[in-house]
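Inside the fold
Residue strings, one per chain:
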Amino acid sequence: MKHLLITGFDPFGGETVNPSWEAVSRLPDTVGDYRLTRLQIPTVFGLAAETVLTAAAQDAPDVILCVGQAGGRDAVTPERIAINMASARIPDNAGNQPVETSVIPGAPDGMFSTVPVCAMAEAITAAGLPGKISNTAGTFVCNDTLYRLLHHYPGTPVRGGFIHVPWLPEQATEGAPSMPLHDIITALTAAIGVLG
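Presented here is an overview of the structure given in this document. (Residues numbered from 1 in each chain as written. Predicted model: local features only at pLDDT ≥ 70, side-chain atom pairs only at ≥ 80, totals over all residues. Heavy atoms only, no water.)

1. Observations regarding the overall build of the protein
- Each helix and strand counted, the protein has 5 helices and 8 strands in total.
- The globule rule puts the C-alpha radius of gyration for 196 residues at 16 Å, and the 15 Å found for the protein is close to it.
- The dimensions of the protein, computed from C-alpha atoms along their principal axes, are 45 × 40 × 25 Å.
- By residue count, 52% of the 196 residues in the protein fall in the buried class.
- A fraction of 78% describes how many contacts in the protein between residues 6 or more apart in sequence connect residues 24 or more apart.
- Carbon and sulfur atoms provide 53% of the accessible area of the protein, an area that totals close to 8300 Å².
- The average position of the 10 basic charges and that of the 18 acidic charges among the side chains of the protein differ by 5 Å. (Helix = DSSP H or I, 4+ residues; strand = E, 2+ residues; numbered from the N terminus. Rg over C-alpha atoms; globule rule 2.2 N^0.38 Å. Buried < 20%, exposed > 50% of the residue type's maximum accessible area, 1.4 Å probe, protein only. Contact = heavy atoms within 4.5 Å. Areas by Shrake-Rupley, 256 points an atom, 1.4 Å probe, with all protein chains shown as cover. Lys, Arg positive; Asp, Glu negative; His and termini not counted. Charge placed at Lys NZ, Arg CZ, Asp CG, Glu CD.)

The structure is reproduced here in structure tokens:
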């Protein structure tokens, strides 16, 4: 059986909950061909990726899939690319607020996810839920984490990717898009099922 390391973030920006971890923590132990290891990571530039890579060094996963909150999105969105840019609208959970700085100086401007983002988005849609590819992971900790992850594993068998999920209904202000927790769990399960 293959091994998936899947992560979700702790709450940030004054929130008391983060749908990424709420969903990841409730995923089954196995999905398809994969045995899952779940890990909560801090919403902190650099430290989030360091936490993932430390766990990966111990667990030797075949795939690393990070999940994060994207408030305002109306679909579960596998990310196609990470960019070498950190620029934070709000501070992270350690008070860091980089502006227009490189994630890794001198590294490529962008790096593509190595998981099947098209198939994952299609699987989410096939499960009856809104799923689509995203071409921007933003410039906050989510993008920082994906970029550092992809930069660490070029040319290796270890594949890496990122999925953004909407707010939970209790987080969304009136009229803002959200998704029930059980639907997020279903969407993530569908996406994992086509990792190959």
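And the narrative resumes.
2. Description of the packing of helix α2 (residues 47-59) against helix α4 (residues 141-152)
- For the pair α2 and α4, the least separation of the axes is 8 Å and the interaxial angle reads 40 degrees. It follows from the interaxial angle that α2 and α4 lie oblique. The handedness of the crossing between α2 and α4 is right-handed. On α4, the residues touching Ala48, Ala49, Val52 and Leu53 of α2 are Val141, Thr145, Arg148, Leu149 and His152. (Axes fitted to C-alpha atoms, helices over the stretch in contact; angles between N-to-C directions. Parallel < 35°, antiparallel > 145°, perpendicular 65-115°, else oblique. Left-handed = near helix turned anticlockwise from the far one by under 90°.)

3. Remarks on the nonpolar core
- Counting 30 residues, the largest nonpolar core has Leu5, Phe9, Val52, Ile64, Tyr147, Leu149 and Tyr153 as its most contacted members.
- Put simply, the parts of the chain that give this core at least two residues each are β1 (2-9), β3 (34-41), α2, β4 (63-69) and α4.
- No other element matches α4, which puts 6 residues into this core.
- Aside from chain neighbours lying at most four places away, what touches isoleucine 64 is Leu4, Leu5, Val52, Ala56, Leu149, Tyr153, Val158, Arg159, Gly160 and Gly161. (Core = buried A, V, L, I, M, F, W, Y, C linked by side-chain atoms within 4.5 Å.)

4. A word on the pairing of β1
- Of all 8 residues in β1, 7 are buried; the element is thus mostly enclosed.
- Looking at chain direction, β1 and β3 are connected through 8 bridges and run parallel. Looking at β3, one finds that phenylalanine 9 is bridged to isoleucine 41.
- Judged from the 5 bridges that link them, β1 and β4 form a sheet pairing that is parallel. Residue threonine 7 lies in a different strand from β4, and its bridge partner there is cysteine 66. (Pairing = 2+ DSSP bridges.)

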